Structures are given as C-alpha cells and as structure tokens.
Amino acid sequence: MIKPEKLELRLRLRRNRKAEWTRRLVREHELSTADLIWPIFLIEGTGRQPIDSMPGVERLSIDAAAHAASEAAELGIPAIALFPYTDPSLRDAEASEALNEANLVCRATRAIKRAVPQVGIITDVALDPYTSHGHDGLLEGEEIVNDPTVSVLVGQALNQARAGADIIAPSDMMDGRVGAIRAALDAEGFEHVSIMSYAAKYASAFYGPFRDAIGTKATLVGDKRTYQMDPANGEEALREVAADLEEGADMLIVKPGLPYLDVLFRVKETFGVPTFAYQVSGEYAMIMAAVNAGWLDADRTILESLMAFKRAGANGVLTYFAPRAAKALRLG
Ligand code: PBG
C-alpha cells in the first residue's frame, strides 16, 4: 500500500462537518413548520377523492378540508391555500361562478374560518376553475383580454374577502390586477386583507397534474403563453415583481419552484420582501413517482428540496408535502 504524504493544510473545511453538533452550530438556514403553506383541493359533497397524477393528494369536501385545517393547526402549519374543482356544469365563458357568494371556495372559507380561526386562509384569484375554456382570463376570439378580465378578478377577490379570506393570491398574470384589487379591497373596508401576488409565474409544463386536480386539463384551449412568463426570461421577473410591489402586493410568489431557484434568489436579493416559492404539482409528482418506485427516500428528498428554497432566499414554500414535511420535522 502506498503511504500518502501528510498534506500541509491549514484550511480544512471538513473540520466544521466532523459531528452533528458542529454541523448544527454552523448551519446557515433552518427549515421549520412556520415555512409551510399547504395547498388544498376542494370538491363538493362529502369525503375525499384521489388525484391520479398526484399520489397521496386528494380533493377534499368542505368537511374534510376543515379537518385538514385543524391538522395544519396541530402541525404548526401557518396557512392553507384553497383551490376548487368546479362542477363542469357551472363553468362558462364569463366565469360567473367566480362571483357567486355561495361558490365552493367561499363556503369552504367560511366553514374553515369558523372551525379553525387561527389558520390563515389564502384564496386563489384567477378564472381557470370557472371558465369553460380553462383560461385564467376572458377569451375574446383568440385573445385573453386583459382589462375586462381584471374587472372580473376584482369581483372575485371581493367575493373571497367577504367570505373571510385572509390573503388574496392573484395567480392570473394579468397586468394591473394587484393595484385594481388593492383599491377595491380598501374601498370596501378590507384594508387588513393581504395580497400575496404570483408575481413571477411561468408558462410551465410542471402544472400538468394541477390541471388534472381542478379539472381543466381536458378543457384548456391552447396554452397560457400570452400571459404567463416565458421560461427563458429572468430579468423580466424583476420587472413583474417591481410592478406588483408598486401596486401594493404585500408578499410575492415565484412559481414553479426548484427549476426557478435562480429567479427566487434574484427576486429576494433585489427587493428583500417576503417571497415564497411554489413547489408545484409536477415537482410533487416527480418526487412521488421516484419515491413510489423505491428510487428516492421520501422524507430526505422532501426536506432537502424544501431547504433548497430556504437557501435560495424563500421566506416559505407552498407545497403539497406540507403535512408530511411538518411531521418529518417534528421527528427531527
Ligand atoms: C391557475 C393556477 C395554476 C396553478 C396554480 N394556479 C395552473 C396554471 O396556471 O395553469 C399551478 C399549481 C401547481 O401546478 O401546483 N391559476
């Protein structure tokens, strides 16, 4: 055997990694249950319904969603985000169900607030669960028309605020919607209702399973590239964020998550405001597919992916893994 010569090294970075206690001592970022936002799919009726492309995630009836909210409270998850599966018979070209004060999201919001008032409720502003064509805006001919869509989004946001939503989260990517929603909320006395804007949201293939979950996969006509961002653009994300902050956004979302960590990092570095990552349905599906094939360790992969968001600057993460991650964190 060759006896290696001892290196004359003064700097040995491995010294800080030599034991769990030193690793803990020098650790730069911490992941806690306070970082988690749990997106929940809603359905009419009772019970739960599996979603094929998102193993382990189910559409929940209002009762089951209230139960999930109390689970969130127990696990220390601060907030949930609601997404409805709208009965196809209620979808139309004008997205009129978005304005119905008794729609699924509004009834769920009221019920969950009553049952678990300490958990924050985030509601999604965009028309896709309600349009017959599956777009986030109104379609005139081949065009998603910006300004008429914003009027409906304002009505949708007010409808959700009246039902008791704590945070309004516009995910539609129309221009000027944050300012219009802020003005309308303030005019109705909802100054305390926050806006978490999907400021940099990309036209991504990773939303596939979500569209399955809310039932727009089959109906979506064309794609969303005239309003969601081009995955090739980074600078433009900073302009989107600047605009939304100017219009009154309190918090921001960058979406998707892991493939867009550079965007998250730049946004946080540039603006230093509360910024969240959305680990989207396709990211969830990829990890779960590998886990279910026995190729990845679930908890370690999940926690590592969430830590990556923290390292890149996120204040928190919207993730379908929220309850599982919270349990894994509890176990340490
Ligand atoms: C639509 C919306 C989408 C998601 C959240 N809100 C999909 C889309 O833009 O088509 C995706 C979330 C996910 O994939 O987990 N307003």
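Summary of the structure given here. (Residues numbered from 1 in each chain as written. Predicted model: local features only at pLDDT ≥ 70, side-chain atom pairs only at ≥ 80, totals over all residues. Heavy atoms only, no water.)

**With respect to the overall build of the protein**
Logical step 1: The helix and strand inventory of the protein stands at eleven helices and twelve strands.
Logical step 2: The C-alpha atoms of the protein give a radius of gyration of 21 Å, which matches the 20 Å a tight globule of 332 residues would have.
Logical step 3: Projected onto its principal axes, the C-alpha positions of the protein cover 80 × 45 × 40 Å.
Logical step 4: Out of the 332 residues in the protein, the part that is buried amounts to 54%.
Logical step 5: When the 36 positive and 46 negative side-chain charges of the protein are each reduced to one mean point, those points stand 13 Å apart. (Helix = DSSP H or I, 4+ residues; strand = E, 2+ residues; numbered from the N terminus. Rg over C-alpha atoms; globule rule 2.2 N^0.38 Å. Buried < 20%, exposed > 50% of the residue type's maximum accessible area, 1.4 Å probe, protein only. Lys, Arg positive; Asp, Glu negative; His and termini not counted. Charge placed at Lys NZ, Arg CZ, Asp CG, Glu CD.)

**Side note on the packing of helix H2 (residues 62-75) against helix H11 (residues 322-331)**
Logical step 1: Contact pair H2 / H11: the axes reach a minimum separation of 10 Å and the direction vectors enclose 25°. The angle between H2 and H11 places the two elements in the roughly parallel class. Judged by the sense of rotation from one axis to the other, the crossing of H2 with H11 is left-handed. Residues Glu71, Glu74 and Leu75 of H2 pack against Pro323, Ala326, Lys327 and Arg330 of H11.
Logical step 2: Its residues assigned to classes, the contact of H2 with H11 shows three nonpolar, no polar and four charged. (Axes fitted to C-alpha atoms, helices over the stretch in contact; angles between N-to-C directions. Parallel < 35°, antiparallel > 145°, perpendicular 65-115°, else oblique. Left-handed = near helix turned anticlockwise from the far one by under 90°. Contact = heavy atoms within 4.5 Å. Nonpolar A, V, L, I, M, F, W, Y, C, P; charged D, E, K, R; others polar.)

**Describing the pattern of salt bridges**
Logical step 1: Per the stated rule, a full pass over the model turns up 16 salt bridges.
Logical step 2: The shortest N-O distance in the salt bridge between arginine 324 and aspartate 299 comes to 3.2 Å. Of this pair, arginine 324 sits in helix H11 while aspartate 299 sits in helix H10 (residues 298-311); the two residues are 25 residues apart in sequence, bridging distant segments of the chain.
Logical step 3: Since its relative accessible area comes to 37%, arginine 324 is described here as partly exposed.
Logical step 4: Residue aspartate 299 is classed as partly exposed on the basis of its relative accessible area, which comes to 29%.
Logical step 5: Ionic contacts of the salt-bridge type, sharing partners, join the residues Asp128, Asp136 and Lys224 into one network. (Salt bridge = Lys/Arg side-chain N within 4 Å of Asp/Glu carboxyl O.)

**A look at the site of the ligand**
Logical step 1: Lining the immediate environment of the ligand, one finds 17 residues, of which Arg211, Lys224, Lys255, Ser281 and Tyr320 sit closest.
Logical step 2: One nitrogen or oxygen atom from the side chain of arginine 211 is found 2.7 Å from an oxygen atom belonging to the ligand.
Logical step 3: Serine 281 places a side-chain nitrogen or oxygen 2.7 Å from an oxygen atom of the ligand.
Logical step 4: Each residue belonging to the shell around the ligand can be placed in one class, and the counts come to seven nonpolar, three polar and seven charged. (Near = heavy atom within 4 Å. Polar contact = N/O pair within 3.5 Å; in protein donor to acceptor, adjacent residues only side chain to side chain.)

**Some words on the environment of alanine 213**
Logical step 1: Looking at where alanine 213 falls in the secondary structure, it is placed in helix H6 (residues 208-214).
Logical step 2: Residues alanine 213 and glycine 76 lie 137 residues apart in sequence; the distance between their C-alpha atoms is 26 Å.
Logical step 3: With residues up to four places along the chain from it excluded, the contact list for alanine 213 reads Phe41, Ile51, Arg59 and Tyr85.

**So, the nonpolar core**
Logical step 1: Membership of the largest hydrophobic core comes to 109 residues, with the highest contact counts inside it found for Ile40, Phe41, Ile80, Ile112, Leu185, Met196 and Tyr278.
Logical step 2: Excluding residues within four positions of it along the chain, isoleucine 80 makes contact with Ile37, Trp38, Ile40, Ala69, Ala72, Ile112, Val119, Gly120, Ile121 and Ile122. (Core = buried A, V, L, I, M, F, W, Y, C linked by side-chain atoms within 4.5 Å.)

**What about the packing of aromatic side chains?**
Logical step 1: Tallied over the full model, the rule gives ten aromatic pairs.
Logical step 2: With centroids separated by 5.2 Å and ring planes inclined at 85°, the aromatic side chains of phenylalanine 83 and phenylalanine 210 adopt a geometry described as edge-to-face. In this pair, phenylalanine 83 sits in strand E4 (residues 79-84) while phenylalanine 210 sits in helix H6, placing the two residues 127 residues apart along the sequence. Grouping residues by exposure puts phenylalanine 83 and phenylalanine 210 together as buried.
Logical step 3: Judged by centre distance (6.1 Å) and plane angle (45°), the rings of tyrosine 278 and tyrosine 320 are tilted. (Phe/Tyr/Trp six-rings, centres within 6.5 Å; stacked < 30°, edge-to-face > 60°.)

**Some words on unusual backbone geometry**
Logical step 1: A cis geometry characterises the amide bond from lysine 255 onward to proline 256, with omega recorded as -5°.
Logical step 2: Locating proline 256 in the fold gives a position in the loop between strand E10 (251-255) and helix H8 (261-271).
Logical step 3: The residue alanine 95 is not glycine, and still its phi comes out positive at about 60°.
Logical step 4: Structurally, alanine 95 is set in the loop between E4 and helix H3 (104-115).
Logical step 5: Although it is not a glycine, methionine 173 sits at a positive phi angle of roughly 65°.
Logical step 6: Turning to its location among the elements, methionine 173 is positioned in the loop between strand E8 (167-170) and helix H5 (177-187).

**Structural notes on a positive patch on the surface**
Logical step 1: A surface patch of like charges, here positive, comprises Lys6, Arg12, Arg14, Arg15, Arg17 and Lys18.
Logical step 2: Inspection of the secondary structure assignment puts arginine 12 in the segment before helix H1 (20-26).
Logical step 3: When its relative accessible area of 33% is taken as the criterion, arginine 12 is described as partly exposed. (Patch = residues over 30% accessible without salt bridge, like charges linked within 9 Å, V, L, I, M, F, W, Y side chains within 5 Å. Areas by Shrake-Rupley, 256 points an atom, 1.4 Å probe, with all protein chains shown as cover.)

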